[in-house]
Amino acid sequence: MQALHIIKIGGNVIDNSENLHRFLKDFTALEGYKILVHGGGKVATQVSETMGITAKLVDGRRITDIDTLRIVTMVYAGLINKNIVAQLQRYGNNAIGLTGADGDFIRAKKRPVKTIDYGFAGDLFDGSINPENISKLLDGGFTPVFCALTHDGEGQMLNTNADTIASALAVALSGLYETTLVYCFEKKGVLQDINDEESLIREINPERYEKLKTEQIIHSGMLPKMDNAFTAISCGVKAVIIGHSDDLGRLKNKSGFGTRLSK
Ligand SMILES: Nc1ncnc2c1ncn2[C@@H]1O[C@H](COP(=O)(O)OP(=O)(O)O)[C@@H](O)[C@H]1O
Ligand SMILES: CC(=O)N[C@@H](CCC(=O)OP(=O)(O)O)C(=O)O
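Throughout, residues of each chain are indexed from 1 in the direction in which the sequence is written. Whichever chain is written first becomes A and whichever ligand is written first becomes 1, with later ones labelled in order. The predicted nature of this model means local features are confined to residues of pLDDT at least 70 and side-chain atom pairs, given and counted, to a pLDDT of 80 or more, with totals for whole chains, interfaces and linings taken over all residues. To get the side-chain values, all heavy atoms of the structure are used, and hydrogens and water are removed first.

Under the annotation held in an unreviewed UniProt entry, the chain carries the name Acetylglutamate kinase and is attributed to Mucilaginibacter phyllosphaerae. UniProt positions are given in the numbering used here, feature names are shortened, and annotations may be inferred rather than shown by experiment. Heading Function (unreviewed entry) of the UniProt record for the chain holds this comment: "Catalyzes the ATP-dependent phosphorylation of N-acetyl-L-glutamate." The UniProt entry for the chain carries this comment under Catalytic activity (unreviewed entry): "N-acetyl-L-glutamate + ATP = N-acetyl-L-glutamyl 5-phosphate + ADP".

Below you can see the structure in the form of structure tokens.
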């Protein structure tokens, strides 16, 4: 099996042009098959505010009414995705920017209304992703760059969390490739003390995760990220790492970087 790296970058890296450029150079230098998944929630919130629309998030998930869907479609598929693709092209990486609707690569179902109506938020399901089609892009020499948008197959775009997309892509492609999933963000990894970059936890298994949650050492956006990461590691993905976007270049080193998840 050939190796595949799926790398996800979040809003805080995208929002910092120095960090973003450094990351995109290191991403380009990564050898072999690779896929980039990007979020951009922070930029979407900023753009919403400038348009007079207050962003509403519950447990890190955006309530996506019709106006918000228009904004996130413009911001994720347009502004952020195309800028990243253009930068990657500049570095010699033949990137192709995609939503889940392009090539029918990722379908989702509109989240059912329970206590909260999340609007046009899309949940992935078994069979959401067609790995063979994505493999054709990789074989064709392209580097797919996915944003946080999916579609329902009936003409409706949906907003889907980028961490979830990255995890689902990694699981779907792990039948075809030896897949490594890396969540890159603005800290060295999962920290014992969120204010101390030297307190990196090098490895976490499900038991330790439960303990870290109870002690509230892991909270907010890190909780859904870890849940997605553990789903990936328990469903055939070879390795899952959570680390700093500046450290991607150290992926080749044996010592590795960031926090590594174990089963
Ligand atoms: N123990 C922890 N170590 C590191 N980050 C943590 C921890 N607990 C909570 N976090 C928070 O999780 C955030 C990452 O999640 P999120 O904001 O969703 O990132 P992204 O937008 O990159 O996906 C960090 O910015 C940090 O504030
Ligand atoms: C449904 C939902 O919440 N979608 C996310 C998609 C973007 C994202 O995941 O961005 P980060 O990775 O930067 O957080 C949102 O709109 O915020």
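Moving on, there is more to tell.
Asks: What is the right way to look at the sheet that holds strand β11 (residues 178–185) in this model?
Replies: Across a sheet, strands are paired by hydrogen bonds formed along the backbone, either parallel or antiparallel in direction. Between any two strands, pairing holds if DSSP finds at least two bridges. By definition, any uninterrupted DSSP run of H or I lasting at least four residues is a helix, any uninterrupted run of E lasting at least two residues is a strand, and each is numbered from the N terminus. Ordered in space as β5-β8-β2-β1-β11-β13-β14-β12, the 8 strands form an open sheet in which the pairing is mixed. Every other strand in the sheet has two partners, leaving β5 (95–98) and β12 (203–204) as the edge strands with one partner each. Here 2 bridges tie strand β2 (residues 33–38) to strand β8 (residues 143–146), and the two strands are oriented parallel to one another. In the sheet register, L36 faces β8, and the bridge partner there is V145.

Asks: Is there a simple way to explain the packing of aromatic side chains in this structure?
Replies: Two measures describe an aromatic ring pair: the distance that separates the ring centres and the angle between the ring planes. Each aromatic pair joins two rings of Phe, Tyr and Trp (for Trp, the six-membered one) with centres within 6.5 Å, and gets the label stacked for planes under 30 degrees apart, edge-to-face for over 60, and tilted for any other angle. Within this structure, the stated rule accounts for 4 aromatic pairs. Each ring, one from F23 and one from F27, has its centre 6.1 Å from the other, and the planes form 20°; the classification is stacked. In this pair, F23 and F27 both sit in helix α2 (residues 17–29), 4 residues apart, roughly one turn of the helix. The residues F23 and F27 share a single accessibility class, namely buried. Ring centres 6.1 Å apart and planes at 90° place the aromatic pair F105 and F146 in the edge-to-face group. Burial classes follow relative accessibility: with a 1.4 Å probe on protein chains only, a residue under 20% of its type's maximum area counts as buried, one over 50% as exposed, and anything between as partly exposed.

Asks: I'm lost on the packing of α2 against helix α4 (residues 66–90) in this one. Help?
Replies: The angle between the axes and the distance between the axes are what describe a pair of packed helices. Between α2 and α4, whose axes approach to 10 Å, the crossing angle comes to 55°. Classed by the angle they form, the pair α2 and α4 counts as oblique. Here α2 and α4 pass one another in a crossing that is right-handed. Contacts between α2 and α4 involve H21, L24, F27 and T28 from the former and I84, Q87, L88 and R90 from the latter. Counted by class, the contact of α2 with α4 contains 4 nonpolar, 3 polar and 1 charged residues. To define axes, lines are fitted to C-alpha atoms, for helices over the stretch in contact only, and angles between the resulting N-to-C directions are given on a 0 to 180 degree scale. Every angle not falling under 35 degrees, over 145, or within 65 to 115 is termed oblique; those three ranges are roughly parallel, roughly antiparallel and roughly perpendicular. Here a crossing is called left-handed whenever its near helix is offset anticlockwise from the far helix by less than a right angle, and right-handed whenever the offset is clockwise. Two residues form a contact once any of their heavy atoms are found within 4.5 Å. Ten residue types, Ala, Val, Leu, Ile, Met, Phe, Trp, Tyr, Cys and Pro, are classed as nonpolar, four, Asp, Glu, Lys and Arg, as charged, and the remainder, Gly among them, as polar.

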